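Here is what each chain is made of, one letter per residue.
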Amino acid sequence: MRDNAVAPKASILTTEQCWKLLSETSVGRLAVTVEGRPDVFPVNYRIDEQTLLFRTGGGTKLDAISADALVAVEADAVSAEFGLAWSVVVKGRAEVSKDSGTALNSTAQGLFPWQGVGKDRLVRIVPETVTGRRFTLDASMTWHVPLDEAIRAGLE
C-alpha cells in the first residue's frame with residue numbers, strides 16, 4: 001500500500017543522466033550470487049567508456065563473479081539541502097581482466113579501494129541495462145534522528 005500524499009515524487013532518469021550521476025560518486029554496492037543466494041558488497045568504482053571498473057582480490061566477490069558473471073551495481077545519493085535523492089542501477093556482466101598487472105599500474109584508472117592491499121584483480125562491468133530514478137523530498141522526509149530518540153544500546 002502506498003500513500004501518495006507522503007511518497008516522494010519519482011522521475012525516471014535517462015541513460016545519459018544515469019551515467020552523469022554515476023560519475024559524480026565513486027562508491028556503490030555490488031550485488032552477486034553466492035551459493036545460490038544474493039549478497040552485496042561495497043565497491044569503489046570508476047567509469048571507463050560507459051563501463052564500471054573496480055579492483056578486488058581473491059575471495060567471495062571474485063569467486064561469485066567467476067561462478068556467475070551476471071551482477072548489478074547500485075549507487076545513490078541524498079541531498080537534504082536540495083531536497084533530492086537519486087538511485088542508479090547498472091545490470092550486466094562482470095569481466096575479470098587477465099592482464100591485471102598492466103591495467104592496475106595505469107594511473108589513468110585511479111582506482112584506490114578502501115582495502116588496497118591484495119586488490120590485484122581488475123573487474124569491468126559491461127552493462128546490459130542502466131536505469132535510475134530521482135526523487136524530490138520535502139522536509140518531512142529528511143532523515144534526522146535526535147540522539148535522545150536513537151537506540152542507545154550501542155552507546156551504553
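Preceding this paragraph is the structure being described.
Here goes a summary of the coordinates provided. (Residues numbered from 1 in each chain as written. Predicted model: local features only at pLDDT ≥ 70, side-chain atom pairs only at ≥ 80, totals over all residues. Heavy atoms only, no water.)

Let's shift gears to the overall build of the protein. Looking only at helices and strands, the protein has 3 helices and 7 strands in total. Shown N-terminal to C-terminal, the secondary structure of the protein runs as helices and strands in the order β-α-β-β-β-α-β-β-α-β. Buried positions account for 33% of the 156 residues belonging to the protein. Pairs at least 24 residues apart make up 69% of the contacts formed inside the protein by residues separated by at least 6 positions. (Helix = DSSP H or I, 4+ residues; strand = E, 2+ residues; numbered from the N terminus. Buried < 20%, exposed > 50% of the residue type's maximum accessible area, 1.4 Å probe, protein only. Contact = heavy atoms within 4.5 Å.)

What the rule picks out here adds up to 4 salt bridges. Arg29 is paired through a salt bridge with Asp76; the nearest N and O atoms lie 2.8 Å apart. In this pair, Arg29 is assigned in strand S2 (residues 27-34) and Asp76 in strand S5 (residues 70-79), connecting sequence segments 47 residues apart. Under the relative-accessibility criterion, Asp76 is labelled partly exposed at 36%. Three or more residues are tied together by salt bridges with common partners; here these are Arg29, Glu74 and Asp76. (Salt bridge = Lys/Arg side-chain N within 4 Å of Asp/Glu carboxyl O.)

By size, the foremost hydrophobic cluster in this structure holds 24 residues, and its most contacted members are Leu30, Ile65, Val88 and Ile125. When sequence neighbours within four positions are dropped, the list of residues in contact with Ile65 reads Leu30, Val32, Phe54, Val71, Ala94, Val96 and Val123. (Core = buried A, V, L, I, M, F, W, Y, C linked by side-chain atoms within 4.5 Å.)

What follows is about helix H2 (residues 60-67). Here H2 has its buried residues at Lys61, Leu62, Ala64 and Ile65. Seen from one end, H2 has its buried residues packed into an arc of 160 degrees, which puts them on one side. Of the exposed residues in H2, the ones pointing more than 90 degrees away from its buried face are Asp63, Ser66 and Ala67. Contact partners of the buried residues in H2: S2, strand S3 (37-47), strand S4 (52-56), S5, strand S6 (84-96) and strand S7 (121-136). (Arc of directions from axis to C-beta.)

Looking now at the environment of Gly58. Of note, Gly58 is situated in the loop between S4 and H2. Linking Gly58 and Arg121, residues 63 residues apart in sequence, is a C-alpha distance of 8.0 Å.

Two elements, strand S1 (residues 9-12) and S7, share 4 bridges in a ladder whose sense is antiparallel. Across the sheet, the residue bridging to Ile12 is Arg133, located in S7. In terms of strand pairing, S4 meets S7 through 5 bridges, oriented antiparallel. Each bridged residue has a counterpart across the sheet, and for Thr56 the counterpart in S7 is Arg121. (Pairing = 2+ DSSP bridges.)

A few words now on the pairing of S6. The pairing of S5 with S6 spans 10 bridges and is classified as antiparallel. The residue of S6 that forms the bridge with Val78 is Ala85. For S6 and S7, the ladder comprises 13 bridges, and the chain directions are antiparallel. Bridging across to S7, Val88 finds its partner in Gly132.

Of all residues except glycine, most have a negative phi; of all peptide bonds, most are trans. Non-glycine residue Glu35 carries a positive phi angle of around 50 degrees. In this structure, Glu35 sits in the loop between S2 and S3. Phi angles above zero are rare outside glycine, and Gln50 is one such case at about 55 degrees. Relative to the elements of secondary structure, Gln50 occurs in the loop between S3 and S4.

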